Amino acid sequence: MASRTSSLKFFSLLISSLAIVQMAMADPDILTDFIAPNKTVDGNFFTFTGMRVLVGGDEPKTFTVLKATLAEFPALNGQSVSYAVLEFPAGTTNPPHTHPRSAELLFLIEGALEVGFVDTKNNLFTQTLQTGDLFVFPKGLVHYQYNADSQNPALAISAFGSASAGTVSIPTTLFATNIDDNVLALSFKTDVATIQKLTAGLAPKL
């Protein structure tokens, strides 16, 4: 009975997180119940099955994100909401990034995470989350998550107030998009050789 009660409490928290994020309403409002393709739709259109791989699946070896956004789930078009499931093997991180079109409300359902974000005055706000905690990353601000536990994984669900919140990875944006090495070297007060090493480290592994 205690286990079922705990599950219901977690479910209630999750639903509350969705309601809070929906209040942010980052997407334009629509004048119809939903936006459907030019054909007759049924319940399948409003169902997303991409998270089924989490049930009984193997734990990933690297940080993994499973998304239910407009790109993966067209029924979200105009609904101002989306989800992501974040899987953190021991000792892994979700590198610094931003979501330009939405705040993120993270709900930690397993393990522990170190999280943080930087505001526009360069103040760093950090917290160590335990299972059952929620943490909000304000819209557009640089933030990260880190599983510092060297033995145990962590699992989190993030809710967004947009069907397409967008993700801008800071390392990838800076070092994997062909910005001139001299510009980066001057910006980081280092030399071109160091910039090239960082760029090489972010190159896709073949």
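These numbers come from a predicted model, not from an experiment.

## Notes on the pairing of strand E9 (residues 154–160)
Burial of E9 is extensive: seven of the seven residues sit out of reach of the surface. In E9, alternate side chains face the same way, and those of Ala 154, Ala 156, Ser 158 and Phe 160 on one face and Leu 155, Ile 157 and Ala 159 on the other are all buried. Summarising the sheet, strand E2 (residues 82–88) and E9 pair through seven bridges and their orientation is antiparallel. For Val 85, the partnering residue across the bridge sits in E9 and is Ile 157. Pairing geometry for strand E4 (residues 104–110) and E9, over six bridges, is antiparallel. Residue pairing for E9: Leu 106 is matched across the bridge by Ser 158.

## Description of the side chain of Thr 92
Its place among the elements puts Thr 92 in the loop between E2 and strand E3 (93–98). Of the residues examined, Thr 92 reaches a relative accessible area of 14% and is grouped as buried. A polar atom in the side chain of Thr 92 sits 2.7 Å from the backbone oxygen of Pro 89. Once residues within four sequence positions are removed from consideration, Thr 92 is found in contact with Phe 63, Tyr 146 and Asn 147.

## Looking at the UniProt feature "binding site: oxalate" (unreviewed entry) in the protein chain
According to UniProt, the positions carrying the feature "binding site: oxalate" (unreviewed entry) are Asn 94, His 99 and Glu 104. Look at His 99 and you get buried, because its relative accessible area is 6%. Setting aside residues up to four positions removed in sequence, His 99 forms contacts with Glu 104, Lys 139, Gly 140, His 143, Phe 160, Ala 165, Gly 166 and Thr 167. At 3.1 Å, the side chain of His 99 and the side chain of Glu 104 are in polar contact. Discounting chain neighbours no more than four positions away, the residues touching Glu 104 are His 97, His 99, Phe 135, Val 136, Phe 137, His 143, Gln 145, Ser 158, Ala 159 and Phe 160.

## Here's the deal with the sheet that holds strand E8 (residues 142–146)
Reading across from one edge, E6-E5-E8-E3-E10 is the order of the five strands in this open sheet, with antiparallel pairing throughout. Two strands lie at the open edges of the sheet, namely strand E6 (124–129) and strand E10 (168–169), each paired on one side alone.

## Observations concerning the side chain of Asn 147
Within the element layout of this structure, Asn 147 appears in the loop between E8 and E9. There is a polar contact of 2.9 Å between the side chain of Asn 147 and the backbone oxygen of Asn 152. Those residues within four positions of Asn 147 in sequence are excluded, and the remaining contacts are Phe 88, Pro 89, Ala 90, Gly 91, Thr 92, Ala 112, Leu 113, Asn 152, Pro 153 and Ala 154.

## Considerations on the nonpolar core
As a rule of thumb, soluble globular proteins bury nonpolar side chains together. Core analysis: the biggest nonpolar cluster contains 16 residues, and Leu 106, Leu 108 and Leu 113 have the highest contact counts within it. Where this core is concerned, the elements lending two or more residues are E2, E4, strand E5 (113–118), strand E7 (134–137) and E9. The residues contacting Leu 108, other than those within four sequence positions of it, are Leu 113, Leu 129, Gln 130, Thr 131, Gly 132, Asp 133, Ala 154, Leu 155 and Ala 156. Of all hydrophobic cores here, the second largest spans six residues; its members include Phe 73, Ala 75, Leu 76 and Val 81.

## Focus on the environment of Lys 61
Within the secondary structure, Lys 61 is located in the loop between helix H1 (2–24) and strand E1 (64–68). Relative accessible area serves as the criterion here: at 77%, Lys 61 is assigned to the exposed category. A C-alpha to C-alpha distance of 9.2 Å links Lys 61 and Thr 92, two positions 31 residues apart in sequence.

## A word on the sheet that holds E4
Pairing is antiparallel across the open sheet formed by five strands, whose spatial order is E1-E2-E9-E4-E7. In this open sheet, the two edge strands, each paired with only one partner strand, are E1 and E7. Neighbour-to-neighbour, the strand axes of the sheet open up by a mean angle of 20 degrees, direction not taken into account.

Parameters at a glance
Residues numbered from 1 in each chain as written. Predicted model: local features only at pLDDT ≥ 70, side-chain atom pairs only at ≥ 80, totals over all residues. Heavy atoms only, no water. Buried < 20%, exposed > 50% of the residue type's maximum accessible area, 1.4 Å probe, protein only. Helix = DSSP H or I, 4+ residues; strand = E, 2+ residues; numbered from the N terminus. Pairing = 2+ DSSP bridges. Polar contact = N/O pair within 3.5 Å; in protein donor to acceptor, adjacent residues only side chain to side chain. Contact = heavy atoms within 4.5 Å. UniProt positions renumbered as here; feature names shortened; annotations may be inferred. Core = buried A, V, L, I, M, F, W, Y, C linked by side-chain atoms within 4.5 Å. Axes fitted to C-alpha atoms, helices over the stretch in contact; angles between N-to-C directions.

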